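If you want the building blocks of each chain, they are given just below.
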Amino acid sequence: MLLLTRKLGENIRIGDDVKITIVEVKGNHVKLGIDAPPSVKVHREEIYERIQQENRRAQQTKSEGANGSGPEPKSEPKPEPGPEPKSELKPEPGSEPEPK
């Protein structure tokens with residue numbers, strides 16, 4: 001592990017695209033600003049671990065469903081019955097064309 005000492009307002013660079021800035025220091029709390037392109041995923045450790053757990057759980061569910069031992073997939077809910085669709089338009093009474 002690389003250990004660095006930085007003061008308020010100073011930066012750390014990771015590669016060419018990531019810049020970490022010390023924004024605030026209060027007691028034993030340090031606020032960091034992170035500039036990174038959208039392709040670089042940046043998460044707090046506890047969020048990253050939760051994402052990893054969800055990914056593992058999804059992978060297990062996927063593999064259980066593939067070998068038939070997992071739960072049945074959920075079916076789509078059926079839509080509520082509505083008014084009957086009109087199959088053809090009928091002219092209003094009295095608006096029919098006169099025979100020739």
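Thresholds applied
Residues numbered from 1 in each chain as written. Predicted model: local features only at pLDDT ≥ 70, side-chain atom pairs only at ≥ 80, totals over all residues. Heavy atoms only, no water. Helix = DSSP H or I, 4+ residues; strand = E, 2+ residues; numbered from the N terminus. Buried < 20%, exposed > 50% of the residue type's maximum accessible area, 1.4 Å probe, protein only. Contact = heavy atoms within 4.5 Å. Areas by Shrake-Rupley, 256 points an atom, 1.4 Å probe, with all protein chains shown as cover. Patch = residues over 30% accessible without salt bridge, like charges linked within 9 Å, V, L, I, M, F, W, Y side chains within 5 Å. Salt bridge = Lys/Arg side-chain N within 4 Å of Asp/Glu carboxyl O. 1 Å grid on protein atoms, 1.4 Å probe; cavity = no way out; pocket = protein on both sides within 12 Å on 5 of 7 lines; lining within 4 Å. Points joined across faces, edges and corners; volume = space filled by probe spheres on them. Nonpolar A, V, L, I, M, F, W, Y, C, P; charged D, E, K, R; others polar. Pairing = 2+ DSSP bridges. Axes fitted to C-alpha atoms, helices over the stretch in contact; angles between N-to-C directions.

Enquirer: So what's going on with the overall build of the protein? Residues and values would help.
Expert: Along the backbone of the protein there are 1 helix and 3 strands. When the helices and strands of the protein are read in sequence order from the N terminus, they spell out β-β-β-α. For the protein, the proportion of its 100 residues judged to be buried stands at 4%. If you take every contact in the protein between residues at least 6 apart in sequence, the share linking residues at least 24 apart comes to 0%. A total accessible area of about 10300 Å² is found for the protein, and carbon and sulfur atoms account for 53% of it.

Enquirer: Please provide a residue-by-residue account of a nonpolar patch on the surface, values included.
Expert: The grouping of Leu-8, Val-25, Val-30, Leu-32, Ile-34, Val-40 and Val-42 at the surface amounts to a nonpolar patch, some 590 Å² of accessible area in total. For the nonpolar patch, the leading source of residues is strand β3 (residues 29-35), giving 3 residues.

Enquirer: An account of the layout of surface pockets is needed here, citing residue identities and associated values.
Expert: When its volume is computed, the largest pocket comes out at roughly 210 Å³. Every residue lining the largest pocket is listed: Ile-12, Ile-20, Ile-22, Val-30, Leu-32, Ile-34, Val-42, His-43 and Arg-44. Those elements that provide at least two residues to the lining of the largest pocket are β2 (18-26) and β3. By residue number, the principal contributor to the lining of the largest pocket is β3, which donates 3 residues. Class assignment for the residues of the lining of the largest pocket results in 7 nonpolar, 1 polar and 1 charged.

Enquirer: Outline the sheet that holds strand β1 (residues 11-14), listing residues and values.
Expert: An order of β1-β2-β3 is seen for the 3 strands of this open sheet, with the pairing classed as antiparallel. Each edge of the open sheet is held by one strand with a lone partner, namely β1 and β3. Taken pair by pair, the neighbouring strands of this sheet meet at an average axis angle of 25°, ignoring direction.

Enquirer: Just give me the short version of the pattern of salt bridges, but keep the residues and values in it.
Expert: Side chains bearing opposite charge may pair, as long as their charged atoms lie close to each other. Across all of its chains, the model carries 5 salt bridges by this definition. For Glu-54, the salt bridge goes to Arg-57, with nearest N and O atoms at 2.6 Å. Of this pair, Glu-54 and Arg-57 are both found in helix α1 (residues 45-66), 3 residues apart, which corresponds to roughly one turn of the helix. Taking the relative accessible area as the measure of exposure, Arg-57 reaches 46% and is therefore partly exposed. Overlapping salt bridges, with partners in common, bring together Glu-24, Lys-26 and Lys-31 in one network.

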